[in-house]
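Topology and contacts: notes
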Amino acid sequence: PRGWIEVVVGSMFSGKTEELIRRLRRAEFARLQIQVFKPIIDKRYNEMAVTSHNLTTIDSLPIEDAEQIWEHLKPGTKVVGIDEGQFFSSNLVQVAQDLAERGLRVIIAGLDTDWQGKPFEPMPTLMAVAESVTKHHAVCVVCGAQASRTQRTSGGDGQVLVGTHDSYEARCRQHFKPAVDTP
Ligand code: ADP
Ligand code: MG
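First, a word on scope: everything that follows refers to the structure included in this document. (Residues numbered from 1 in each chain as written. Chains lettered and ligands numbered in written order. Predicted model: local features only at pLDDT ≥ 70, side-chain atom pairs only at ≥ 80, totals over all residues. Heavy atoms only, no water.)

1. Some points on the packing of aromatic side chains
Applying the stated rule across the entire model yields one aromatic pair. Note on Phe87 and Phe120: the rings are 6.4 Å apart at their centroids and 80° apart in plane angle, and the pair reads as edge-to-face. On the criterion of sequence distance, the pair formed by Phe87 in the loop between β6 (77–82) and α3 (91–101) and Phe120 in the loop between β7 (105–111) and α4 (123–129) is long-range, its members being 33 residues apart. (Phe/Tyr/Trp six-rings, centres within 6.5 Å; stacked < 30°, edge-to-face > 60°. Helix = DSSP H or I, 4+ residues; strand = E, 2+ residues; numbered from the N terminus.)

Now the structure itself:
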């Protein structure tokens, strides 16, 4: 069986989740059995579904650790979708590799950089080992250019702060600051 890994990256609001859902729906049209996982930490719109900022949605299973995919994986599954990959620890890389070795198509969406503009593991490593990498851009809320960065606008300086418009904005390189930038 021929498995592979696809990675979808970009800033917040760049359409990663929409793209993940689009690819999974197309797999369903091809009558391929899919399964979708997301980190339990992401409860922004719905605990049991992957939901874009546009509110398109697909059912998913919240898990704490990537290894739990093995407990839930059904024998007929051909395509595995994972959203918010950056919130998993580095063992997501091995799990994705093993799924692909077994012949599954693995699609992982996530942030390539954090709110300080630094590579957000494990996404950069996944980008390196994946067969396919797609980088999406949002629209800079300051100037309308292509946004590649996620500006934090509230909530302190930890690497992980789950939020939406309340704490983040899409910004281009010029308008991004690696510090909390209160409007
Ligand atoms: P991601 O998963 O990358 O955070 P989503 O797929 O959840 O992004 O949401 C993308 C949607 O976010 C867009 O289709 C658009 O409706 C909305 N959106 C809100 N703010 C912006 C922005 N600054 N630039 C682009 N899209 C935005
Ligand atoms: Mg998303």
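Now that the structure has been shown, we can carry on.
2. Considerations on the side chain of Ser167
Turning to its location among the elements, Ser167 is positioned in the loop between β11 (149–152) and β12 (168–171). At 3.3 Å, the side chain of Ser167 forms a polar contact with the side chain of Asp166. Apart from the residues lying within four places of it in its own chain, the contact partners of Ser167 are Gln151, Arg152, Thr153, Ser154 and Leu161. (Polar contact = N/O pair within 3.5 Å; in protein donor to acceptor, adjacent residues only side chain to side chain. Contact = heavy atoms within 4.5 Å.)

3. Some points on the site of ligand 1
In the vicinity of ligand 1, 16 residues are found, and the nearest of them are Lys16, Thr17, Glu18, His53 and Val139. A distance of 3.0 Å separates an oxygen atom of ligand 1 from a polar atom in the backbone of Gly15. Burial of ligand 1 by the protein amounts to 79% of the accessible area it has alone, namely 580 Å². If you list the elements that add at least two residues to the shell around ligand 1, you get α1 (16–29) and β9 (138–139). It is α1 that provides the largest number of residues to the shell around ligand 1, a total of three residues. Tallied by class, residues from the shell around ligand 1 come to six nonpolar, eight polar and two charged. (Near = heavy atom within 4 Å. Areas by Shrake-Rupley, 256 points an atom, 1.4 Å probe, with all protein chains shown as cover. Nonpolar A, V, L, I, M, F, W, Y, C, P; charged D, E, K, R; others polar.)

4. Focus: the pattern of salt bridges
Taken as a whole and judged by the stated rule, the model has nine salt bridges. Between Asp112 and Lys135 there is a salt bridge; the shortest N-O distance is 3.0 Å. Of the two residues, Asp112 is situated in the loop between β7 and α4 and Lys135 in strand β8 (residues 132–136); the sequence distance between them amounts to 23 residues. Overall, Asp112 belongs to the buried group, its relative accessible area being 6%. Between Lys177 and Asp181 there is a salt bridge, with its nearest N and O atoms 3.1 Å apart. Among the residues examined, Lys177 registers a relative accessible area of 42% and is labelled partly exposed. Among the ionic contacts, a cluster of salt bridges with common partners joins Glu6, Glu19, Arg22, Arg23 and Arg105. (Salt bridge = Lys/Arg side-chain N within 4 Å of Asp/Glu carboxyl O. Buried < 20%, exposed > 50% of the residue type's maximum accessible area, 1.4 Å probe, protein only.)

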